[in-house]
Amino acid sequence: AQRVTQPEKLLSVFKGAPVELKCNYSYSGSPELFWYVQYSRQRLQLLLRHISRESIKGFTADLNKGETSFHLKKPFAQEEDSAMYYCAPMDTGRRALTFGSGTRLQVQP
Amino acid sequence: EADIYQTPRYLVIGTGKKITLECSQTMGHDKMYWYQQDPGMELHLIHYSYGVNSTEKGDLSSESTVSRIRTEHFPLTLESARPSHTSQYLCASSEFGSDEQYFGPGTRLTVT
């Protein structure tokens, strides 16, 4: 079974500081990984997916198969980045997501 | 406007009652999902559906049942609510062939 670990429940940084939200997974086969985000009083929504190799709102995430990690990074955090972030590998058989427990990012002014 | 709706948003109910949590989407999506999330914990997939008359159990064993009689509607039913069912329930949908899931606002259920 797939497992995903987000070791930090809370990550607090100051505005302008670099951010790295950690995600480690265990998966057999070729994983597809996603980051979902939930801003205050908003719904859970897709932030980015590893296959598209895109940068969304300044965030990037690189899949490291050797370390089985998919950490989310941003060089300069903004206050509006404060939210709950979930790493989610996809079960390619069922096309269903497995969510981590989430990391709350708090960006202080 | 294309959206995914969940009702009720909040529900407080006594033990033993039968409840149905509604989920509807006007996005034309084939796939729908139900997740359960306790505060500060992971979202657990409890049911999913590929389309009409298709329902599958997810990763977390749940006493709830679902039905998919219409494409846009995916209700979740608890025949006899218990305090252990207290949780947030999130419904989501996705287009067949797409991996992006769209989430509803959630239903926060409290069983007393």
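Quick caveat, the model's predicted, so the values are computed rather than measured.

A.B. asks: Help me understand the pairing of strand β9 (residues 83–91) of chain A in this model?
C.D. replies: Remember that side chains alternate between the two faces of the sheet whenever the strand is regular. All names here are of chain A. When you tally the buried positions in β9, you get eight out of nine residues, the bulk of the element. By the bridge criterion, seven bridges tie strand β5 (residues 32–38) to β9 in an arrangement that is antiparallel. Residue E32 lies in a different strand from β9, and its bridge partner there is M90. Bridge count between β9 and strand β11 (residues 103–108): three bridges; the pairing is antiparallel. In the sheet register, Y85 faces β11, and the bridge partner there is T103. In this structure, β9 lies alongside strand β10 (residues 96–97), joined through two bridges in antiparallel fashion. Along β10, the bridge assignment pairs D91 with A96. Where β9 hands over to β10, the hairpin turn is made up of four residues, of which R95 adopts a positive phi near 55 degrees.

A.B. asks: Any chance you could explain the sheet that holds strand β3 (residues 19–21) of chain A here in plain terms?
C.D. replies: Sheet strands associate in pairs through backbone hydrogen bonding, adopting either a parallel or an antiparallel arrangement. An order of β3-β8-β7 (chain A) is seen for the three strands of this open sheet, with the pairing classed as antiparallel. What marks the edges here is a single partner per strand, and that holds for β3 and β7 (60–61) of chain A.

A.B. asks: What's the story with the sheet that holds strand β7 (residues 65–66) of chain B in this structure? I'm lost.
C.D. replies: All names here are of chain B. Here we have four strands laid out as an open sheet, ordered β1-β3-β8-β7, and antiparallel in their pairing. Either end of the sheet is taken by a strand with one partner, and the two such strands are β1 (4–7) and β7. Sheet analysis places β7 next to strand β8 (residues 76–78), joined by two bridges and oriented antiparallel. Counted as the bridge partner of V66 is L76 from β8.

A.B. asks: Is there a simple way to think about the side chain of S87 of chain B in this case?
C.D. replies: All names here are of chain B. Mapped onto the elements of the fold, S87 is located in strand β9 (residues 87–94). Look at S87 and you get buried, because its relative accessible area is 4%. Engagement of the side chain of S87 in a polar contact is seen with the backbone oxygen of Q37, the distance being 3.0 Å. A polar atom in the side chain of S87 sits 2.8 Å from the side chain of D38. Leave out the neighbours within four places in its chain, and S87 touches Q36, Q37, D38, T107, R108 and L109.

A.B. asks: Even after reading the chapter, I still don't get the environment of K15 of chain A, so can you show me in this structure?
C.D. replies: Residues and elements named next belong to chain A. In this fold, K15 is placed in the loop between β2 (10–14) and β3. We classify K15 as partly exposed; its relative accessible area is 48%. Ignoring anything within four residues of it in the chain, the contact list for K15 reads A77, Q78, E79, V107, Q108 and P109.

A.B. asks: Just to check I follow, could you spell out the nonpolar core for this structure?
C.D. replies: Of all hydrophobic cores here, the largest spans 24 residues; its most connected members are W35, L72 and Y85 of chain A. Mapped by element, the contributors of at least two residues to this core are β2, β3, β5, β6 (45–49), β9 and β11 of chain A. The contact partners of L72 of chain A, leaving out residues within four places of it in the chain, are V19, E20, L21, W35, L47, L48, F59, T60, A61 and Y85 of chain A. Judged by nonpolar contacts, the second largest core, of 19 residues, contains Y36 and M90 of chain A together with L43 and F103 of chain B.

A.B. asks: So what exactly am I meant to see when it comes to unusual backbone geometry here?
C.D. replies: Backbone phi values are negative for most residues with the exception of glycine, while trans is the configuration of most peptide bonds. Residue P8 of chain B is bonded to the preceding T7 of chain B through a cis peptide linkage, with omega at -10 degrees. Structurally, P8 of chain B can be placed in the loop between β1 and β2 (10–13). The phi angle at R41 of chain A is positive, at roughly 65 degrees, despite the residue not being glycine. Assignment of secondary structure puts R41 of chain A in the loop between β5 and β6. The class for R41 of chain A is exposed, based on a relative accessible area of 84%.

Rules used throughout
Residues numbered from 1 in each chain as written. Chains lettered and ligands numbered in written order. Predicted model: local features only at pLDDT ≥ 70, side-chain atom pairs only at ≥ 80, totals over all residues. Heavy atoms only, no water. Buried < 20%, exposed > 50% of the residue type's maximum accessible area, 1.4 Å probe, protein only. Helix = DSSP H or I, 4+ residues; strand = E, 2+ residues; numbered from the N terminus. Pairing = 2+ DSSP bridges. Polar contact = N/O pair within 3.5 Å; in protein donor to acceptor, adjacent residues only side chain to side chain. Contact = heavy atoms within 4.5 Å. Core = buried A, V, L, I, M, F, W, Y, C linked by side-chain atoms within 4.5 Å.

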